[in-house]
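# A closer look at the structure
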Amino acid sequence: MLEHALIIAMIVLFIHACSWRGMIFEGIKKIVEPKGMLYKPLYGCPICMTPYYGTLIYLLFFRQSVADGLLTVAAASGLNVVSVLLIDIKDGICKRDE
């Protein structure tokens, strides 16, 4: 389960990073502006994205049981919480150096 959660968390972070400035999916910000209800679950927040993308990824690739799916997606969300905290720490450190 943890292996699947890590895979899901990394895929969600990859999708999130592809929407950063200068990346391939940066243009989605013109279609879905960074505000409102769709922004965070679509590309703006890895924690908010995980239940949606994680469920889809789990159903496409792993599909073991409902209980395992819920636990796997919840664990992937937890991993993305840690990732977001690390990104925020890095951003805080880098901004002080500028």
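Residues numbered from 1 in each chain as written. Predicted model: local features only at pLDDT ≥ 70, side-chain atom pairs only at ≥ 80, totals over all residues. Heavy atoms only, no water.

## As for the overall build of the protein chain
Note the following rule: Secondary structure counts use DSSP, requiring at least four H or I residues in a row for a helix and at least two E residues in a row for a strand, with both numbered from the N terminus. Note on classification: 1.4 Å probe, protein chains only; a residue is buried when its accessible area is under 20% of the maximum for its type, exposed when over 50%, partly exposed between these limits. We call two residues in contact when some of their heavy atoms are within 4.5 Å.
When its secondary structure is counted, the protein chain shows five helices and zero strands. Reading the protein chain from its N end, one meets helices and strands in the order α-α-α-α-α. Summarising its shape, the C-alpha atoms of the protein chain cover approximately 45 × 30 × 20 Å along the three principal directions. Each of the 98 residues in the protein chain was classed as buried or not, and the buried ones make up 31%. Intrachain contacts of the protein chain at a sequence separation of at least 6 include 56% that bridge at least 24 residues.

## A closer look at unusual backbone geometry
Outside of glycine, negative phi angles account for most residues, and trans bonds account for most peptide bonds. Despite not being glycine, Arg63 has its phi angle at roughly 35 degrees, a positive value. Mapping Arg63 onto the fold places it in the loop between helix H4 (46–61) and helix H5 (66–97).

## Details of the side chain of Thr50
Here is the rule we go by: Distance and chemistry together define a polar contact, namely a pair of N or O atoms within 3.5 Å, with one atom able to donate a hydrogen and the other to accept it when in protein, and with adjacent residues in sequence counting only for side-chain atoms on both sides.
Examined against the element boundaries, Thr50 turns out to sit in helix H4. Residue Thr50 is classed as buried on the basis of its relative accessible area, which comes to 0%. Here Pro46 takes part through its backbone oxygen, which lies 2.6 Å from a polar atom of the side chain of Thr50.

## Some details on a nonpolar patch on the surface
Filter applied, for reference: Within this analysis, patches are made of residues with over 30% relative accessible area and no salt bridge. Like charges are joined at 9 Å or less; nonpolar side chains (Val, Leu, Ile, Met, Phe, Trp, Tyr) at 5 Å or less. Surface accessibility in these figures is a Shrake-Rupley result with a 1.4 Å probe; residues are shielded only by whichever protein chains are displayed. By definition here, a salt bridge exists when the distance from a side-chain nitrogen of Lys or Arg to a carboxyl oxygen of Asp or Glu is within 4 Å.
On the surface, Val82, Leu86, Ile89 and Ile93 cluster together to form a nonpolar patch covering roughly 370 Å² of accessible area. Take Ile89: it is sitting in helix H5.

## What to know about the packing of aromatic side chains
As a reminder of what qualifies: The rule is short: rings of Phe, Tyr and Trp, with Trp giving its six-membered ring, pair when the centres are within 6.5 Å, and they are stacked under 30 degrees, edge-to-face over 60, tilted in between.
In the structure shown here, the tally under the stated rule is three aromatic pairs. With a centroid separation of 6.5 Å and 55 degrees between ring planes, the pair formed by Phe61 and Phe62 is classed as tilted. Take Phe61: its relative accessible area is 59%, and that puts it in the exposed class. In textbook terms, an aromatic cluster arises when at least three aromatic residues are bridged by ring pairs, as seen for Tyr58, Phe61 and Phe62.

## A short note on the packing of helix H1 (residues 2–17) against H4
Our working definition: Every angle, taken between N-to-C directions, lies between 0 and 180 degrees, and every axis is a line fitted to C-alpha atoms, over only the stretch in contact when it is a helix. Orientation is classified from the angle alone, with under 35 degrees giving roughly parallel, over 145 giving roughly antiparallel, 65 to 115 giving roughly perpendicular, and any other angle giving oblique. What makes a crossing left-handed is the near helix being turned counterclockwise from the far one by less than a right angle; a clockwise turn instead makes it right-handed. All residues other than Ala, Val, Leu, Ile, Met, Phe, Trp, Tyr, Cys, Pro, Asp, Glu, Lys and Arg, Gly among them, are scored as polar; the first ten of these are nonpolar and the last four charged.
The geometry of H1 relative to H4 is characterised by a closest axis approach of 9 Å and an angle of 120 degrees between their N-to-C directions. Considering their axes alone, H1 and H4 lie oblique with respect to each other. The way H1 lies across H4 gives a crossing that is right-handed. Contacts from Ile8, Ile11, Val12, Leu13, Ile15 and His16 in H1 reach Pro46, Met49, Thr50, Tyr53, Gly54, Ile57 and Tyr58 in H4. Of the residues contributing to the contact of H1 with H4, the split by class is ten nonpolar, three polar and no charged.

## Describing the state of the cysteines
Rules: We call a pair of cysteine sulfur atoms a disulfide when they lie within 2.5 Å.
Considering all chains together, one arrives at zero disulfides under this definition. Free cysteine Cys45: the closest other cysteine sulfur is in Cys48, separated by 3.1 Å. Among the residues examined, Cys45 registers a relative accessible area of 14% and is labelled buried. Overall, Cys48 belongs to the partly exposed group, its relative accessible area being 28%.

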